[in-house]
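Fold and contact review
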Amino acid sequence: MRLSTHFRLHEMTRSQTATRMGLSNIPSDKEVDNLKALCKNVLEPVRVRYRVAFSPSSGYRSPALNDAIGGSSKSQHTKGEAVDFEVPHVSNLQVARWIESNLLFDQLILEHYVDTDPNSGWIHVSYTGTLSGNRRDVLRFDGVEYRHGIGDGETEAAFQALETMNFKMPGVTKRVTDRKGFVLRNFTRDFASLWSK
Ligand SMILES: [Zn+2]
């Protein structure tokens, strides 16, 4: 079943843990509607912006599955309102920054991201259709504590510069995707020094 142009229901419900433990992970009609809204308003715009195919690592979680993986009992994953994902060849910091600047969402969390490793971590983002509305709450979680905002200081400035260059200089984009970690770190250093002048 298709939830939106590029995303299918099975991508948003599959779980190795559920399979291994024999747990049911079938959303209700209401939860499927929530997943559709999440795809339409968050995942599709990201897919179109970066033109890279990706499949979420975690979408809907039944209460039993959520308990099994130690998720918060209030997790929006249990309502079909939240998804975890990464876009191949793009740092999670860049993607999170773009979502923050361009999309409506309830909560955006950059999880387990380490500034020195563009491949680290993942993005958690939620979208709600409830009357209380989408809060545009932006957080970063290092596995221990939550902090407001995604990036900080020079690293953030460097990635903003990189994002701008991706639009203007296709050659640079290619080099970044070829050897992402290495080149991105060099850009971080170069642009951090440019930025501070
Ligand atoms: Zn999540």
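Residues numbered from 1 in each chain as written. Predicted model: local features only at pLDDT ≥ 70, side-chain atom pairs only at ≥ 80, totals over all residues.

1. A closer look at the environment of T13
Rules: By the criteria applied, helices consist of DSSP H or I runs no shorter than four residues and strands consist of E runs no shorter than two, each listed in order from the N terminus. Neighbour counting defines burial: a residue surrounded by 20 or more other C-beta atoms within 10 Å of its own C-beta is buried, one with 12 or fewer is exposed, and intermediate counts give partly exposed, using backbone-placed C-beta atoms. The contact criterion used here is simple: two residues whose C-beta atoms, placed from the backbone, lie within 7 Å are in contact.
With respect to the helices, strands and loops of the structure, T13 is situated in helix α1 (residues 9–13). Of the residues examined, T13 has 23 C-beta atoms within 10 Å and is grouped as buried. For the pair formed by T13 and G80, sequence separation is 67 residues and the distance between their alpha carbons is 9.1 Å. Leave out the neighbours within four places in its chain, and T13 touches N25, I26, P27, G59 and Y60.

2. Notes on the sheet that holds strand β2 (residues 107–111)
Quick note on the threshold: At least two DSSP bridges between two strands are required for those strands to pair. In this analysis an axis means a line fitted to C-alpha atoms, helices contributing only their contacting stretch, and an angle means the value between N-to-C directions, from 0 to 180 degrees.
Taking strand neighbours across the sheet as the criterion, the 5 strands line up as β1-β3-β2-β4-β5 in an open arrangement whose pairing is mixed. Looking along the sheet, the strands with just one partner apiece sit at the ends: β1 (82–85) and β5 (146–148). In this sheet, adjacent strand axes meet at a mean angle of 20° when their direction is disregarded.

3. What to know about the pairing of strand β4 (residues 137–141)
Sheet topology places β2 next to β4; 5 bridges connect them, and they run parallel. When the sheet's bridge partners are listed, L110 is paired in β4 with R140. Taken together, the 3 bridges between β4 and β5 define a ladder with antiparallel strand orientation. Residue pairing in the sheet places F141 in a bridge with Y146 of β5. Hairpin connection from β4 to β5: 4 residues lie between these consecutive antiparallel strands, with G143 at a positive phi of about 100°.

4. Looking at the confidence of the model for the chain
Using the following cut-off: The pLDDT value tells you how sure the predictor is about a given residue, anywhere from 0 up to 100.
Confidence along the chain averages 84 in pLDDT terms, with 77% of residues attaining 70 or more. In the model, residues 168–197 has pLDDT below 50 throughout and makes 32 contacts with residues more than four positions away in sequence or in other chains.

5. Some details on the pairing of strand β3 (residues 122–126)
Burial of β3 is extensive: 4 of the 5 residues sit out of reach of the surface. Here β2 runs beside β3; their pairing, made up of 5 bridges, is antiparallel. Residue L108 lies in a different strand from β3, and its bridge partner there is V125.

6. Here we look at helix α3 (residues 29–50)
Inclusion rule: Any helix carries an expected span of 1.5 Å times its number of residues minus one. Think of it this way: the bend at a residue is just the angle between two axes, each fitted to seven residues, one set ending at that residue and the other starting at it.
Relative to the 32 Å expected for 22 residues at 1.5 Å per residue, α3 spans 30 Å between its end C-alpha atoms, a close match to the ideal helical length. Its axis deflected by about 40° at C39, α3 carries its strongest bend there. Among the residues of α3, those classed as buried are N34, L35, L38, C39, V42, L43 and V46. The inward-facing, buried residues of α3 abut α1, β1, α5 (92–102) and β3. Two residues or fewer after α3 comes R51, characterised by a positive phi angle close to 55°.

7. Notes on the nonpolar core
Rules: We define the nonpolar core as any set of buried residues of the types Ala, Val, Leu, Ile, Met, Phe, Trp, Tyr and Cys, connected via C-beta atoms lying within 7 Å of each other.
Counting residues in each nonpolar core, the largest one holds 27 residues, and the members touching the most others are A96 and V125. Listed by contribution, the elements that provide at least two residues to this core are α3, β1, α5, β2 and β3. If one sorts the elements of this core by residue count, α3 sits on top with 6 residues. If sequence neighbours within four positions are ignored, V125 has contacts with V42, A82, V83, I99, F105 and L108.

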